[in-house]
Amino acid sequence: MKTAAEYEESLRQLNLNVYQFGKKVTNVVDDPIIRPSMNAVAATYECAHMAEYEDLITATSHITGKKINRFTHIHQSTEDLVKKTKMCRLLGSLTGCCFQRCVGMDAMNALSMTTFDIDAKYGTDYNKRFLAYLEFVQENDLVCDGAMTDPKGDRSLPPHKQADPDMFLHVVEERDDGIVVRGAKAHQTGAVNSHEIIIMPTIAMREEDKDYAISFALPSDAEGITYIMGRQSCDTRKSEEGTIDRGNVLYGGHEALVVFDDVFVPWDRIFMYKEWDFAGQLVEQFASYHRQSYACKAGVGDVLIGATQTIAEFNGAQKASHVKDKIIEMNHLNETLFCGSIACATEGHQEESGTYLVNTLLANVCKQNVTRFPYEIARLAQDIAGGLMVTLPSEEDLRSAEVGKWVQKYFKGDNTVPTEDRMRMLRLIENITLGTAAVGYLTESMHGAGSPQAQRIMISRLIDLKQKQKVAKRLCGITKE
Amino acid sequence: MTRLAPGRAWRIGLKYCGGCAPRYDRVEQVGVLKKMLAEAVILLSYEAENLDAVLIVAGCPTSCADTATFEPLPILRIRSEADARLFIDDMRANPYRDLTGSPLLVAKLF
C-alpha cells in the first residue's frame, strides 16, 4: 500500500489538463485551493498505516490475498459492508469534509457484478477484463474517480433525442483497437486527485440509446480529457495568507466538470459496450453502494456537533437547557444517519458474481435521510453558534495593529478562552454549514448519489405494499381479498 | 504458552478496532497500559512472532475488529476504560496467571 507521501508524489507524475478561474493550473498538487482536497484523499492512505485505524481502512484482496486499502476492495461479506460504513464515518470525522475516494470503490463494486451478469447473458469477457483492471488498481493502490453524472441537457428527453448529442457521453467512432468517446461528466468529486477515471452510464437506457451505454476506465491524464474546477462557497479564502478564516485548516473537497474531447479508449479498458439493457442495473447497483457511503456525513456531523458543543462552552451557554436539548437532537439525527448505513450493510446479500451488495431499499432510506438531516443539524449548529458566525471580522483584522485590540476585546466569550480560539471554532462551523465544506455536507448530501426524488422512486418500487395491506386486513378481520 | 515463566514478560499482540466512533481514547489507554504493565507485558504488533496472546482494543462494546486469524492464541479484549483498568489490575495482581483464565478473555461459543 502507498503512503500518503507516495500518493502525493504519484499525483505529481500525472499530466492533468486542469482549468480554474479561466487559467490552466500548472501545479495542481500545490495549488492552494486544490491542495486541501488532496490532503483529504491522502488521509485515506495515511490511516491505512496507522494501527488504530487499519482494521477499517484495510482489507484482504480476494484476488491476491494481500492486504490492500479498503477503497480498492470488492466486498466479500456483510462484515465488509459494515466496515465500509464505519470507514466512511471515521474518515468523515477525521477530515470534516468529503474525502472523495468512495466513488471509485462503489463503481468498482458495481462493475464487479454487472460485468459478470453481462457475460452470463451475452458470453462476453468483460468480467475478466474488469478483474485484471481491479488487480492493477489494488497492486498500485490507486484512487479512481467513479464518473456517472452526465450534464443531461433537456431532462425530458432521452440521450439520443438531445439537441446536442454530447449531453450524454457516447461513442463516436469504433476502431480495431478501441473506441473514441465524446461528452462530459459533471460534479466529479476528487477528479484531479485521482489516478484513474471510471465511466458509467447515468440512466437506464433503451435500444435507441445504445451508443451511450458504455463503461470504461482510463488514466486520469489520458489525452483529450480536460478538467474545469467547480467553484465552492468561500473557496478563495484558501489562497489568503492566514488560516483562521478557512475554518478547516487542513482538509477540503473539490468537484470538476470532466470533458472528453474525442478520447480514445482501448478495448481492454471497456467494461460495457452497447449492452443497453444492463445500463440500469449498473446505475442502480452503483447508486445503492454510493447511498450507503453517505455514512461519511455522520462523521462530518461528529465534527460539527463537537464544534457546536465547544462554541457553546466558549460562549458560556453550555448549561442552558435548550442548548443541551439541541445538542441531543443533533446527535439523534446524526446517529440516525449512521443507523441507515449500518442497516443496509448488515442486511446485504451475495450476488451471483460473489460480491456482496447492500440492501437497496435500506440504502435508499439511508440516503433519503441524508438529504434532510444535515440541514437540520446545520441549522441547530448555527442556532447555538449565534449570528457572530457570519459577521465576524477577518483574521487580518484580528492581527491588525489598529483594530486588532478591539477584535480581541469585543469578541471574547468565556474569559478563559482566547478570542482567537473562539474565532477559529466559529469559522469551522461556518465552513461546514456555509463555506467550502457545506458543498459536501449540505448540497452534496441533497444531490449526491441521486437527488431526493430518485430515492423516493426506489423506495416506492421496492416496498411491498400488497403485503402490508394483507397484514392490516388480517388484523382487522377483513377476509375478502 | 498461557502461563508465564518467571523472569519473563508476556508478549501480547495489539490490535485496535478501526475507531469509527470510539467512546474513549484508545491510543491514550494503550499508553497507560504500557506504562502500568511495563514489567509484566510487552505490547507488540499483532503480526509479531511468538506471541502469547492478542489484546483487542475496541472503542465500543460492538468490538468489530477481525480476530479470526489469531486463533488458537488467547484473545483478550478491552472495550472501555473500565476494561483497561480491570486488565491492569488483574495483570498486576496475577502476573503469572493462565491467560485463558483472564477476565478479559473473549469467550468462544461452540
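The coordinates are above.
Everything in this summary refers to the structure shown in the same document. Remember, predicted model here, so these are calculated numbers, not experimental data.

On a plain count of helices and strands, chain B comes out with 2 helices and 4 strands. Of the regular secondary structure in chain B, the N- to C-terminal order runs β-α-β-β-β-α. Relative to the compact-globule value of 13 Å for 110 residues, chain B shows a C-alpha radius of gyration of 13 Å, a close match. Pairs at least 24 residues apart make up 64% of the contacts formed inside chain B by residues separated by at least 6 positions. Total accessible area on chain B is roughly 5900 Å²; 52% of this is exposed by carbon and sulfur atoms. Each charge sign in chain B was given a centre, from 14 positive and 13 negative side chains, and these centres are 2 Å apart.

All names here are of chain B. Across its 13 residues, helix α2 (residues 81-93) extends 18 Å between first and last C-alpha, which sits within 8% of the 18 Å expected from 1.5 Å per residue. Among all positions of α2, only Asp83, Ala84, Phe87, Ile88, Asp90 and Met91 are buried. The secondary structure elements touched by the buried residues of α2 are β1 (10-16), α1 (26-36), β2 (41-45), β3 (53-57) and β4 (75-78).

Moving on, we come to the interface of chain A and chain B. The partner chain B presents 15 residues to the 12 residues of chain A that form the contact. Together chain A and chain B conceal approximately 1100 Å² of surface at their shared face, both sides included; 52% is due to carbon and sulfur atoms. Looking at the side of chain A facing chain B, the largest losses of area belong to Glu52(A), Asp55(A) and Lys86(A), adding up to 45% of the total buried there. Here chain A and chain B share 3 salt bridges between them. Note that Glu47(B) and Lys67(A) form a salt bridge whose closest N and O atoms lie 3.7 Å from each other.

Our focus in this paragraph is the side chain of Glu196(A). All names here are of chain A. Positionally, glutamate 196 belongs in strand β8 (residues 196-199). A distance of 2.8 Å separates a polar atom in the side chain of glutamate 196 from a polar atom in the side chain of arginine 269. For glutamate 196, the residues in contact, after removing those within four places along its chain, are Tyr133, Phe136, Leu142, Val143, Cys144, Asp145, Ala217, Leu218, Pro219, Ser220 and Arg269.

On the surface, a nonpolar cluster with roughly 220 Å² of combined accessible area is contributed by Tyr19(A), Ile228(A) and Leu257(A). Tracing the backbone through its elements, the reader meets Leu257(A) in strand β11 (residues 255-266).

Attention now moves to the pattern of salt bridges. Residues and elements named next belong to chain A. Within the structure shown, the criterion is met by 35 salt bridges over all chains. Two residues, glutamate 174 and lysine 274, come together in a salt bridge whose shortest N-O distance is 4.0 Å. Here the residue glutamate 174 occupies a position in strand β6 (residues 170-174), and lysine 274 occupies one in the loop between β12 (270-273) and α7 (279-292), the gap between them amounting to 100 residues. The structure contains a network of salt bridges with shared partners spanning Glu8, Arg12, Asp30 and Arg35.

All names here are of chain A. In spatial order, the strands read β2-β1-β10-β11-β7-β6; together these 6 strands make up an open sheet with mixed pairing. The outermost strands of the open sheet, each flanked by one partner alone, are β2 (23-24) and β6. When strand β1 (residues 18-20) meets β2, the two strands line up antiparallel, connected through 2 bridges. Paired with glutamine 20 across the two strands is lysine 23, which belongs to β2.

On to the nonpolar core. Core analysis: the largest hydrophobic core is formed by 128 residues, its most contacted members being Val181(A), Phe216(A), Leu218(A), Ile225(A) and Phe260(A). When residues of this core are assigned to their parent elements, the largest contribution, 10 residues, is made by helix α8 (residues 296-315) of chain A. With residues near it in sequence (within four places) discarded, Phe260(A) still touches Leu169(A), Val181(A), Arg182(A), Gly183(A), Ala184(A), Lys185(A), Ile197(A), Ile199(A), Phe216(A), Leu218(A), Gly224(A) and Ile225(A). Grouped together as the second largest cluster of nonpolar side chains are 22 residues, Ile12(B), Ile78(B), Ala84(B) and Leu99(B) included.

All names here are of chain A. Where helix α11 (residues 373-385) meets helix α15 (residues 436-447), the closest approach of the two axes is 9 Å, and the angle between their N-to-C directions is 160°. Relative to α15, the element α11 is oriented roughly antiparallel. α11 and α15 meet at a crossing whose hand is left-handed. Counted together, Pro374, Tyr375, Ile377 and Ala378 of α11 and Tyr441, Leu442, Thr443, Ser445 and Met446 of α15 form the full contact between these two elements. Of the residues contributing to the contact of α11 with α15, the split by class is 7 nonpolar, 2 polar and no charged.

Once that is clear, we can look at the sheet that holds β2(B). Hydrogen bonds between backbone groups are what pair the strands of a sheet, and the pairing can be parallel or antiparallel. All names here are of chain B. One open sheet accounts for 4 strands, arranged β2-β1-β3-β4; its pairing is parallel. With partners counted over all chains shown, the strands left at the sheet margins are β2 and β4, one partner each. Here the strands of the sheet are splayed against their neighbours by 35° on average, with no regard to which way each runs. In terms of strand pairing, β1 meets β2 through 5 bridges, oriented parallel. Each bridged residue has a counterpart across the sheet, and for leucine 14 the counterpart in β2 is serine 45. α1 rests against β1, β2, β3 and β4 of the sheet, and its axis sits at about 175° to β1. Against the sheet, α2 makes contact with β1, β2, β3 and β4, and its axis sits at roughly 130° relative to β4, the strand it touches most.

For the rest of this paragraph, the subject is the packing of α8(A) against α11(A). Residue and element names in this part refer to chain A. Contact pair α8 / α11: the axes reach a minimum separation of 9 Å and the direction vectors enclose 15°. Classified by the angle between their axes, α8 and α11 sit roughly parallel to one another. Remark: the crossing between α8 and α11 carries left-handed chirality. For the pair formed by α8 and α11, the contact residues are Leu304, Thr308, Ile311, Ala312 and Asn315 on the first element and Ile377, Ala378, Leu380, Ala381, Ile384 and Ala385 on the second.

Glancing now at unusual backbone geometry. Cis geometry is found at the peptide bond from Glu71(B) to Pro72(B), where omega equals 10°. By secondary structure assignment, the location of Pro72(B) is in the loop between β3 and β4. A positive phi is found at Phe21(A), a non-glycine position, where the angle reads about 55°. Position of Phe21(A) among the secondary structure elements: in the loop between β1 and β2. A positive phi angle, near 60°, is found at His187(A), a position not held by glycine. One can find His187(A) in strand β7 (residues 178-189).

What counts and what doesn't
- Throughout this description, residue numbers start from 1 for each chain and increase along the sequence as written.
- Here chains are named by letter from A upward and ligands by number from 1 upward, in the order in which they appear as written.
- The predicted origin of the model limits local features to residues at a pLDDT of at least 70 and limits the giving and counting of side-chain atom pairs to 80 or more, whereas totals for whole chains, interfaces and linings rest on all residues.
- Excluded from the side-chain calculations are hydrogens and water; all other atoms, namely the structure's heavy atoms, are used.
- Strands here mean DSSP runs of E at least two residues long; helices mean DSSP runs of H or I at least four residues long; both are numbered from the N terminus.
- As defined in this context, the radius of gyration uses C-alpha atoms, and a globule is described by 2.2 Å times the residue total to the power 0.38.
- It only takes one pair of heavy atoms within 4.5 Å for two residues to be counted as in contact.
- Per-residue accessibility takes into account occlusion by the displayed protein chains alone, with areas from the Shrake-Rupley method and a 1.4 Å probe.
- We score Asp and Glu as negative and Lys and Arg as positive, and we do not count His or the chain ends.
- Positions of charges follow a simple convention, taking NZ of Lys, CZ of Arg, CG of Asp or CD of Glu.
- Take the residue count of a helix, subtract one, and multiply by 1.5 Å to get its expected span.
- Throughout, exposure labels follow a simple rule: accessible area from a 1.4 Å probe, protein chains only, divided by the maximum for the residue type, with under 20% read as buried, over 50% as exposed, and the rest as partly exposed.
- Here the quantity called buried area is the total loss of accessible area, with a 1.4 Å probe, experienced by two parts when brought into contact, counted for both.
- We define a salt bridge as a contact between a side-chain nitrogen of Lys or Arg and a carboxyl oxygen of Asp or Glu at a distance within 4 Å.
- Two N or O atoms count as a polar contact when they lie within 3.5 Å, although within protein this holds only if one can serve as hydrogen donor and the other as acceptor, and sequence-adjacent residues are included solely when both atoms are side-chain atoms.
- The residues that make up patches have over 30% relative accessible area and no salt bridge, and they are joined within 9 Å when like-charged or within 5 Å when they are Val, Leu, Ile, Met, Phe, Trp or Tyr.
- When DSSP finds two or more bridges between a pair of strands, those strands are recorded as paired.
- Put simply, buried Ala, Val, Leu, Ile, Met, Phe, Trp, Tyr and Cys residues joined by side-chain atoms within 4.5 Å make one nonpolar core.
- Here, axes are lines fitted to C-alpha atoms. For helices the fit covers the stretch in contact, and angles between N-to-C directions go from 0 to 180 degrees.
- Just so you know how the angles are binned, under 35 degrees is roughly parallel, over 145 roughly antiparallel, 65 to 115 roughly perpendicular, and the rest oblique.
- Helix crossings fall into two classes, left-handed where the near helix is turned counterclockwise from the far one by less than a right angle and right-handed where it is turned clockwise.
- When residue character is reported, Ala, Val, Leu, Ile, Met, Phe, Trp, Tyr, Cys and Pro are called nonpolar, Asp, Glu, Lys and Arg charged, and the others, Gly included, polar.

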